[in-house]
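Residue-level structural notes
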Amino acid sequence: MIWDKNEQLTRDEYREIQQAGLRRTVQYAYDRVPFYRRKMRDIGIEPGDIRHLEDLRHLPLTTKDDLRHNYPYGLFATELEEVVRLHASSGTTGKPIVVGYTARDLENWTDLVARMVTQAGVTRKDVAQICFGYGLFTGGFGLHYGLERAGATVIPSSSGNTEKQLMLMEDFGTTVLISTPSYALYMAEIATQMGLDPAKNLKVKLGLFGGEPWSENMRKEIESRWGMTATDNYGLSEIGGPGFAGECLCRCGMHISEDHFIAEILDRTDFQPLEPGEYGELVITTLTKEALPIIRYRTKDITRLFTEPCACGRTTARMEKVTGRTDDMLIIRGINVFPSQIESVLMEIKGVSPFYQLVVDRQGYLDTLEVDVELLPDYFTDNYADLKALEHQIEKRLYAVLSVTAKVKLLEYNSIERTTGKAKRVIDKRPKLV
Amino acid sequence: MIARQISVFLENRPGRLSDVLEELAAEGINLRAISVADTTDFGIMRLMVDRPAEAEARLKAAGFTCTINEVISVEIPDTPGALAKVTRALADEGINVNYLYPFSRSALLLLKTDDNKRAIDVLGQAGFSIVDEDQLYRSKEGDLVK
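Described below are features of the structure shown in this document. (Residues numbered from 1 in each chain as written. Chains lettered and ligands numbered in written order. Predicted model: local features only at pLDDT ≥ 70, side-chain atom pairs only at ≥ 80, totals over all residues. Heavy atoms only, no water.)

**So, the overall build of chain B**
Within chain B, the regular secondary structure consists of five helices and four strands. Within chain B, buried positions represent 25% of all 146 residues. Residue pairs in contact within chain B that sit at least 24 positions apart in sequence constitute 63% of those at least 6 positions apart. Surface accessibility of chain B: about 10,600 Å² in total, with carbon and sulfur atoms responsible for 53%. (Helix = DSSP H or I, 4+ residues; strand = E, 2+ residues; numbered from the N terminus. Buried < 20%, exposed > 50% of the residue type's maximum accessible area, 1.4 Å probe, protein only. Contact = heavy atoms within 4.5 Å. Areas by Shrake-Rupley, 256 points an atom, 1.4 Å probe, with all protein chains shown as cover.)

This is the structure in structure tokens:
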């Protein structure tokens, strides 16, 4: 089933919608958001200069740091009284990125997610269990309202307590699983320990996975363990959350909702637009957002686009699975973690040096994060308990900032290599994406 | 009386104990007692040496994180219950013992390794004598200690 007639327009029609949307958005942002006005004036551009879709390339790029510097409401285009919901995602340091939604933004978002889950095969007959955290993260609430609109029966079980999740899944007859791909594998493992074979004893036949990059091999593994069809979707809080792109059952790329967004692929070095099929950084412009319009947001995710019509009947452009990042962001159990966030925590702690190393690994199917820090010689006493207390203090502080459990390991002073160049801060031992 | 002990902060990785001991050997420093607690990622190595100040200087110069601190050295008779009397006396006064370890004037070492069988072969081949369990509890004259 196809949710919206806007999924089957001609390429020319998308072009017209996007061109009109771009003009409108640029004028709107220029009029209402001082940040955009200043950035455009700095390079001598007026909204009237942006007439064609191709003119998009002349507009300045927006980064996560721009959102951070305007924390919390600096980039909002509406008064707070028009904003009915806030969500947040991790920033590059202590403070998060805040995103706001007007009532109409929520309406559009819900519809986009309904479109996305429908293209993945969800129908009114399905019972969908959402194992994303409900809260500031856009995943939980985003999928929740979209699935409801698509007519599915929603179980808002949120994240954690895997045994209970599986019990509900068995008792309520869950047919659709919403989670990160690694949590799906972890759940299968726990199910096996509980004496359940997910492929035989559970009714889950479809999975919608997002929040972290995953490989085709991981897809095969999930599908064989669960006896389900596993689909990928992509979104990020900065542009509104899930609903930007998702796979149909052909699974030949994620359909982008081009009537609400413009997706560009830019060269990683000169930031010039690339043709469909070429790999580069995905840059997104929103066309319908009222509270937080975003012009040319650098996702830092590497992918490529396809524009040929899909066998499913949709004509929207598709993006390939994300294959990498242009920055050092880590995704640990679906949560974005920047080394700079960890660094700022360590800087606050007395007793450790500014040199650190992050070791990311996977135990079973779950990511682990170890933070290795050097103990300053002056802070060493003969007391083992003091050292353990220092480790726990750092672990607690890291959890407060990252929302991810990290294990802290104290090292001897000078044991992390000093370098004059770019420090190798991250050792990622997880299997590479294929 | 109060005696000076050197405590060294050590990451738990192969070779780190040897690194410390070789530094001390190079300085001609003699060890009289040593304690390394069971650890996870890191541990504290505690040493009693004949020249503590020089040992500390040498280790610091070699980049080790170490500190000199004070412990009590108590002479106890080699009889059953002697140690219990020490700990009881402290306990009755509400004094907590953080750790204790023996200081032996003849050097006999107890080791727990990943692979005890192989360690015995390796040490034997390196020319060390391995003492049987029943020998441990005999006095020098060969009588079983009562």
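**Description of the environment of B:Val86**
Here B:Val86 is to be found in helix α3 (residues 82-92). C-alpha of B:Val86 to C-alpha of B:Val74: the two residues are twelve residues apart in sequence and 8.6 Å apart in space.

**Quick notes on helix α1 (residues 16-26) of chain B**
Side chains of residues three or four places apart in an α-helix project in the same direction, reflecting 3.6 residues per turn. All names here are of chain B. All of the buried residues in α1 are Arg 16, Val 20 and Leu 24. Seen along its axis, α1 keeps its buried residues to an arc of 75°; they face one direction. Structural note: α1 exposes Glu 22, Ala 25 and Ala 26 on the side pointing more than 90 degrees away from its buried face. In this fold, the buried residues of α1 make contact with β1 (2-11), β2 (31-36), β3 (42-49) and α2 (52-61). Looking one or two residues beyond α1, the residue adopting positive phi is Gly 28, at roughly 70°. (Arc of directions from axis to C-beta.)

**What about helix α5 (residues 138-150) of chain A?**
Residues and elements named next belong to chain A. Between its first and last C-alpha, α5 extends 18 Å over 13 residues, near the 18 Å set by a 1.5 Å rise per residue. When α5 is considered as a whole, its buried residues turn out to be Thr 138, Gly 139, Gly 140, Gly 142, Leu 143, His 144, Gly 146, Leu 147 and Ala 150. Note on α5: the residue one or two positions beyond its end, Gly 151, has a positive phi of about 100°. (Expected span 1.5 Å × (residues − 1).)

**Quick look at the pairing of strand β3 (residues 127-130) of chain A**
Consecutive residues of a regular strand have side chains that alternate between opposite faces of the sheet. Residue and element names in this part refer to chain A. Side chains Val 127 and Gln 129 of β3 all project onto a buried face; the interleaved residues Ala 128 and Ile 130 project onto the opposite face, where all are buried too. Taken together, the three bridges between β3 and strand β4 (residues 153-155) define a ladder with parallel strand orientation. Within β4, the position partnered with Gln 129 by the bridge is Ile 155. Once you follow β3 into α5 and on to β4, the crossover reads as right-handed. (Pairing = 2+ DSSP bridges. Right-handed = clockwise from strand over helix to strand, strands pointing away.)

**Brief notes about the sheet that holds β2(B)**
Within the open sheet, the four strands sit side by side as β2-β3-β1-β4 (chain B). Their pairing is antiparallel. Of all the strands in the sheet, just β2 and β4 (65-72) of chain B have a single pairing partner and so form its edges. For this sheet, the mean inter-axis angle between neighbouring strands, taken without regard to orientation, is 25°. Here helix α11 (residues 384-402) of chain A sits on the sheet in contact with β1 and β3 of chain B, set at roughly 160° to β3(B). (Axes fitted to C-alpha atoms, helices over the stretch in contact; angles between N-to-C directions.)

**A few points about the sheet that holds strand β10 (residues 261-266) of chain A**
Residues and elements named next belong to chain A. Across the sheet, which stays open at both edges, the four strands sit in the order β10-β11-β12-β15 with antiparallel pairing between neighbours. One side of each edge strand has no neighbouring strand; the edge strands of this open sheet are β10 and β15 (324-325). Pairing of strand β11 (residues 280-286) with strand β12 (residues 297-303), which is carried by four bridges, proceeds in the antiparallel orientation. Paired with Glu 281 across the strands is Ile 302, a residue of β12.

**Structural notes on the interface of chain B and chain A**
Facing the 21 residues of chain B at the interface are 18 residues of chain A. Run the count over chain B and chain A and you get three salt bridges. One salt bridge in this structure joins B:Arg46 and A:Asp382, with 2.7 Å as the shortest N-O distance. Along the contact surface separating chain B from chain A lie eight residue pairs in polar contact (both at pLDDT 80 or more). Of all the secondary structure elements, the ones that give two or more residues to the side of chain B that touches chain A are β1, β3 and β4 of chain B. Sorting elements by how many residues they give to the side of chain B that touches chain A places β1(B) first, with six residues. (Salt bridge = Lys/Arg side-chain N within 4 Å of Asp/Glu carboxyl O. Polar contact = N/O pair within 3.5 Å; in protein donor to acceptor, adjacent residues only side chain to side chain.)

**A closer look at the pattern of salt bridges**
Oppositely charged side chains can pair when the atoms bearing their charge come close. Residue and element names in this part refer to chain A. For the structure on display, the rule yields 42 salt bridges over all chains. For Glu 264, the salt bridge is made with Arg 296, and the minimal N-O distance between the two is 2.9 Å. Pair noted here: Glu 264 is in strand β10 and Arg 296 is in the loop between β11 and β12, with a separation of 32 residues, a long-range link. Relative accessible area serves as the criterion here: at 8%, Glu 264 is assigned to the buried category. Across the pair Asp 428 and Arg 430 runs a salt bridge, and its minimum N-O distance is 2.9 Å.

**What about the packing of aromatic side chains?**
Counting across every chain of the model gives 14 aromatic pairs over all chains. Judged by centre distance (5.4 Å) and plane angle (45°), the rings of A:Tyr384 and B:Phe42 are tilted. On the criterion of chain membership, the pair formed by A:Tyr384 in helix α11 and B:Phe42 in strand β3 is interchain, its members lying in two chains. Of the residues examined, A:Tyr384 reaches a relative accessible area of 29% and is grouped as partly exposed. Its guanidinium or amino end placed over the ring of A:Tyr101, A:Lys289 lies 4.2 Å from that ring's centre, counting from NZ or CZ. Over the face of the ring belonging to A:Trp214 we find A:Lys321, whose NZ or CZ atom lies 3.7 Å from the ring centre. (Phe/Tyr/Trp six-rings, centres within 6.5 Å; stacked < 30°, edge-to-face > 60°. Lys NZ or Arg CZ within 6 Å of the ring centre and 35° of its normal.)

**Describing the environment of A:Glu7**
Residue and element names in this part refer to chain A. In this structure, Glu 7 sits in the segment before α1 (11-32). On the basis of relative accessible area, Glu 7 is assigned to the buried category, the value being 1%. Residues Glu 7 and Arg 314, spaced 307 residues apart in sequence, show a C-alpha to C-alpha distance of 5.4 Å. Sequence-distant contacts of Glu 7, that is, excluding residues within four places in its chain, are made with Ile 2, Tyr 14, Arg 115, Gln 119, Arg 314, Thr 315 and Thr 316. Polar contacts involving the side chain of Glu 7 include one to the main-chain amide nitrogen of Trp 3, which spans 3.2 Å.

**Details of empty space enclosed by the protein**
Residues and elements named next belong to chain A. Here the structure, examined in full by the defined rule, presents four cavities of 30 Å³ or more. Lining the largest cavity are 14 residues; nearest its centre among them are Trp 109, Leu 112, Ile 239, Phe 261 and Lys 289. Put simply, the parts of the chain that give the lining of the largest cavity at least two residues each are α4 (103-119) and β8 (241-247). With four residues, the top contributor of residues to the lining of the largest cavity is α4. Counted by class, the lining of the largest cavity contains six nonpolar, six polar and two charged residues. (1 Å grid on protein atoms, 1.4 Å probe; cavity = no way out; pocket = protein on both sides within 12 Å on 5 of 7 lines; lining within 4 Å. Points joined across faces, edges and corners; volume = space filled by probe spheres on them. Nonpolar A, V, L, I, M, F, W, Y, C, P; charged D, E, K, R; others polar.)

Spatial relationships are all this shows, so hold off on functional conclusions.
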